[in-house]
Each structure stands twice: as C-alpha cells, then as structure tokens.
Amino acid sequence: MTTPPDVVRSAYAQLVVTDLAKARWFWADMLGFHIQYEDESRLCLRGTDELTHHSLVLRKGEIAALDHLAYRVRTSEDVDRAEHYFTALGRPVRRVPAGAGTPGVGDAVRVIDPLGFPVEFFHDIERAERLIQRYDLRRGAEIARLDHFNICTPDIPAAYAHYEALGFGCSETIEGDEHELYAAWMYRKQTVHDVAFTGGAGPRLHHVGVATHESHQVLRTADLFGSVRKEHHIERGPGRHGVSNAFYLYLRDPDGHRVEIYTSDYYTGDPDHEPYRWNVHDDRRRDFWGNAVIESWYKEASPVLDLDGRPVPVAEAVLDESAVQVGADGLGIVEPNKQDG
Ligand SMILES: O=C1C=CC(S(=O)(=O)O)=CC1(O)O
Ligand SMILES: [Fe+2]
C-alpha cells in the first residue's frame, strides 16, 4: 500500500475562461483579487492575505472549464508520494517539472483522481509580497484568500472514501433518514473544509469558495454588482449557511463559473473533532433562515478537462438532494425538523 501525500490545504484552481478581459473585470476589478502575474493568455491572482504567487489562475481558452484543482503538499517528497500513490491506483499521472506548468509553481504532479477530476499536487511555489496590511490596495469584495473547492460528483460515498484515504477529516454532512450521504465537507487546514461534495452529474466543478474577513464585505459585493447593473451575476444569497455557519453570497462569472464569497466559519483542528450531521429534511441545512436554494445552484456547474485539455464526460447523479421534498429547496412541504445532528 503506498503512502498518500501530506496535503496542507486547497491551494489554487486553474479555470479556463473564454474572454480574459471580461474575466479580469469580474475577478480583479469587482472581487478585488490582486493580479500577481499577467500575460496575453493568463492571469495569476491572489487574495490580500495570501503569501504565495496565486490562488486562482484564469487561462484563456475555447471552452469554459476547470483546467485543474491544486493542493499544496507539505514537502517536495510529498510530490513524489502523490505520483506513486495515484500510479498505484491506476490513475492517469503526469509529472510537470518546474517552469513547464503554471507560472510561479515548481515541480508538480497532475493526476485524474478516482472521481474523474484533474488535480495537481505541488510543494514549491514562489513567495509573494505581504499585502495583509496594504489597505490602500484593497478594493471590491476585498477577497482575503481561497478557502475551498466544491465539486459535483454522482457518488458522494466514493468521494468521501477517496478524500478520507488522503487524510482529510470530515466537519459536516447532509444525510437522509437512513443516513444515506447526500453531501460532505472535508478538511486538511483547520477550518470547515478544503473540499466539499455536492451530489450531481460529475465530475464538474460546483464552485470555488473565497474568504473575506467580514460579513459586511459579503454584503458590499452584492451592492457593488447591483450598483453597476450587473446584478444578474448574483445567483444565491446573501445568507447564513446552516452547514459551516458561514455568511455567504454566490456569484457566476462571465463564463458561468460559480464563486462563493464566504466568511465566518469555525475551527476544526482538535484531534477528536466530530462531524456535525444535518438531516436532508432540515430546511435550515443550506440556508439557516430557511430560504429556498435556487434550482440552478443544484443543477449547473463547470465541466472539467483531462490532462490533455479535453472535456471529461459526466456520469449522472445516483442520489439527488434537489429531488428530496424539503422546504429549503422550495420543492415541497416543510416537514417537522428531524435534525439528528
Ligand atoms: O461552502 C459551503 C458551505 C455550506 C454550504 S450549504 O449550502 O450550507 O450546504 C455550501 C457550501 O459548500 O458552498
Ligand atoms: Fe462553498
């Protein structure tokens, strides 16, 4: 049995966008990501708290899709461990030497994981100037850092097992009356999640979650888009999550990629931290105030590319939460709370 890599955190996502100028407006001008690197085909962006080269890369291309997710691993030896681990699983694996991949990133390995997602594991990445107290440079939503990836996959238990084998802990779940698993939130850094699974056709990217420090910055984001008559980019929220307790707003970028502006979740770092389990019939689970979840949030997501840049076919969902008759999804009768958290 090979040893899995020691994953430190979700580190960056590389998205393919069809119009780089429009994407620059959305992610840098409106959300306030700092441009660390820019050329005619690519933007490398980071939040005000981030000390490494980037946490989001926008690459110009024909098809709006996820190019890859990336996790930072603790040592350069963990890059080798990742190569051996996924090779032993029989997955497609490709070594990406420093300079041959994403700007700023050193030696890396890219795989197609067992869920069908393109994932990179790296250790070396260029350090970047400390912007934490450069309040003069803050703008838009004042994005502080990448917080998590949310992925659509048809088999949530398989996703849970894969990430558990990579050493991820579980902070929260959504389960049916017989404890069938509808969704899960899993972590390596000591917050609610680095990755979460939304039941649905997959592999697809549901969203990238980015953190602000304050809920007023989440509210300001909605006001900013309303002010410039771009309110159609707002998909869901603002609101308070049940799962994670975070204050949230979901937006769609010009290509339809979903981003969540997210703040105020909680610490999960003790060794005996136990998952908090929501019942799928609890209409506070996704919005603590019981607001319905818009259908597009369950149904729409970004396609993913394979290691050669081709779209990966999706498999349909096995268990579909939006089909469950619950109040918060606006699809049925609000049942008495049967929360078994
Ligand atoms: O980050 C998240 C935290 C909570 C939720 S949920 O809508 O409350 O389930 C969704 C989410 O995965 O985007
Ligand atoms: Fe999220």
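Above this text sits the structure in question.
Attention here is on the structure that accompanies the text. (Residues numbered from 1 in each chain as written. Chains lettered and ligands numbered in written order. Predicted model: local features only at pLDDT ≥ 70, side-chain atom pairs only at ≥ 80, totals over all residues. Heavy atoms only, no water.)

## Some words on the coordination of the iron ion (ligand 2)
Those protein atoms acting as donors to the iron ion (ligand 2) are H148 (NE2), H207 (NE2) and E260 (OE), and they sit at 1.9 to 2.1 Å. Mapping the donors of the iron ion (ligand 2) onto the primary sequence gives the spacing H-x58-H-x52-E. Residue H148 is located in strand 9 (residues 145–153), and its partner H207 is located in strand 13 (residues 204–211); the two are separated by 59 residues in the primary sequence. Here H148 and H207 have matching classes, each one buried. (Donors = N, O, S within 2.8 Å, 3.2 Å for Na, K, Ca; no water. Helix = DSSP H or I, 4+ residues; strand = E, 2+ residues; numbered from the N terminus. Buried < 20%, exposed > 50% of the residue type's maximum accessible area, 1.4 Å probe, protein only.)

## Some details on the packing of aromatic side chains
Inspection of the entire model under this criterion finds 19 aromatic pairs. Both rings, one in Y248 and one in Y250, keep their centres 5.4 Å apart while their planes meet at 55°; by these two values the pair is tilted. The class for Y248 is buried, based on a relative accessible area of 2%. Y250 sits in the buried class, given a relative accessible area of 3%. Here the aromatic rings of Y250 and W297 are separated by 5.6 Å at their centres, their planes lie at 75°, and the arrangement is edge-to-face. Taken together, the residues span a long stretch of sequence, with Y250 in strand 15 (residues 247–252) and W297 in helix 5 (residues 295–299) at a distance of 47 residues. Aromatic rings pair up to connect Y71, Y85, F86, F121, F149, Y163, F168 and F197 into one cluster. (Phe/Tyr/Trp six-rings, centres within 6.5 Å; stacked < 30°, edge-to-face > 60°.)

## Some remarks on the sheet that holds strand 1 (residues 7–17)
With mixed pairing, 8 strands are arranged side by side in an open sheet as 2-3-4-1-5-8-7-6. Sheet topology places strand 2 (34–38) and strand 6 (93–96) at the edges, where each strand pairs with a single neighbour. Going from strand to strand, the sheet's axes swing by 25° on average, the running direction of each strand aside. Strands in contact with helix 1 (residues 20–30) are strand 1, strand 2, strand 3 (42–46) and strand 4 (56–60); relative to strand 4, the strand with the most contacts, it is inclined by about 160°. (Pairing = 2+ DSSP bridges. Axes fitted to C-alpha atoms, helices over the stretch in contact; angles between N-to-C directions. Contact = heavy atoms within 4.5 Å.)

## Section: helix 4 (residues 215–227)
An ideal rise of 1.5 Å per residue puts 18 Å on 13 residues; helix 4 measures up with 19 Å between its terminal C-alpha atoms. The inward-facing, buried residues of helix 4 contact helix 1, strand 14 (234–240), strand 15 and strand 16 (258–263). Positive backbone phi, at 60°, marks R229, one or two positions downstream of helix 4. (Expected span 1.5 Å × (residues − 1).)

## What about the site of ligand 1?
Surveying the vicinity of ligand 1 reveals 14 residues, the closest of which are W185, H207, H241, Y250 and R286. W185 has a polar side-chain atom sitting 2.9 Å from an oxygen atom of ligand 1. R286 is positioned with one of its side-chain polar atoms (N or O) 2.7 Å from an oxygen atom of ligand 1. In isolation ligand 1 exposes 330 Å². Once the protein is present, 100% of that is buried. When each cavity is represented as a set of grid points, ligand 1 is found to reside in the largest cavity. (Near = heavy atom within 4 Å. Polar contact = N/O pair within 3.5 Å; in protein donor to acceptor, adjacent residues only side chain to side chain. Areas by Shrake-Rupley, 256 points an atom, 1.4 Å probe, with all protein chains shown as cover. 1 Å grid on protein atoms, 1.4 Å probe; cavity = no way out; pocket = protein on both sides within 12 Å on 5 of 7 lines; lining within 4 Å. Sits in = over half its atoms within 2 Å of the grid points.)

## Structural notes on empty space enclosed by the protein
A water-sized probe, rolled over the atoms, reveals where empty space remains. Counted under the stated rule, the structure contains 2 cavities of 30 Å³ or more. Size it by volume and the largest cavity reaches roughly 130 Å³. Taken together, 16 residues line the largest cavity, and the ones lying closest to its centre are W185, H241, V243, Y250 and R286. Among the secondary structure elements, those contributing two or more residues to the lining of the largest cavity are strand 9 and strand 16. Across the lining of the largest cavity, the residue classes break down as 6 nonpolar, 6 polar and 4 charged. Its boundaries defined by the atoms lining it, the second largest cavity holds a volume of some 60 Å³. For the second largest cavity, the full set of lining residues is G32, F33, H34, T48, L131, R134, L137, R138 and R139. (Points joined across faces, edges and corners; volume = space filled by probe spheres on them. Nonpolar A, V, L, I, M, F, W, Y, C, P; charged D, E, K, R; others polar.)

## So, the environment of H206
Here H206 is to be found in strand 13. Along the chain, H206 and P118 lie 88 residues apart, while their C-alpha atoms are 14 Å from each other. At 2.8 Å, the side chain of H206 and the side chain of H207 are in polar contact. Polar contacts involving the side chain of H206 include one to the main-chain carbonyl oxygen of W297, which spans 2.6 Å.

## Remarks on helix 2 (residues 76–88)
Over its 13 residues, helix 2 extends 19 Å from the first C-alpha to the last, a length consistent with the 18 Å expected when each residue adds 1.5 Å. Within the span of helix 2, buried status applies to D78, V79, A82, Y85 and F86. One side of helix 2 holds all its buried residues, which, seen down the axis, span an arc of 125°. Summarising the contacts, the buried residues of helix 2 are in contact with strand 5 (65–73), strand 6, strand 7 (108–112), strand 8 (118–122) and helix 3 (156–165). Two residues or fewer after helix 2 comes G90, characterised by a positive phi angle close to 75°. (Arc of directions from axis to C-beta.)

## Structural notes on the layout of surface pockets
Of the pockets and cavities examined, the largest pocket occupies roughly 220 Å³. In terms of lining, the largest pocket is formed by 16 residues, of which the most central are Q14, D67, H68, R110 and L307. Listed by contribution, the elements that provide at least two residues to the lining of the largest pocket are strand 5 and strand 6. Residues that form the lining of the largest pocket fall into these classes: 4 nonpolar, 5 polar and 7 charged. Each of domain 1 (7–122) and domain 2 (138–323) accounts for three or more of the residues forming the lining of the largest pocket. Taken as a whole, the second largest pocket encloses approximately 190 Å³ of empty space. In this structure, the second largest pocket is lined by R9, S10, D49, E50, L51, T52, R127, R145, L146, D147, K189 and D194. Where the lining of the second largest pocket is concerned, the elements lending two or more residues are strand 1 and strand 9. The dominant element in the lining of the second largest pocket, judged by the number of residues it contributes, is strand 9, at 3 residues. For the lining of the second largest pocket, a count of residues per class yields 2 nonpolar, 2 polar and 8 charged. Mapped onto the domain boundaries, the lining of the second largest pocket takes at least three residues apiece from domain 1 (7–122) and domain 2 (138–323). (Domains from an automatic or database assignment.)

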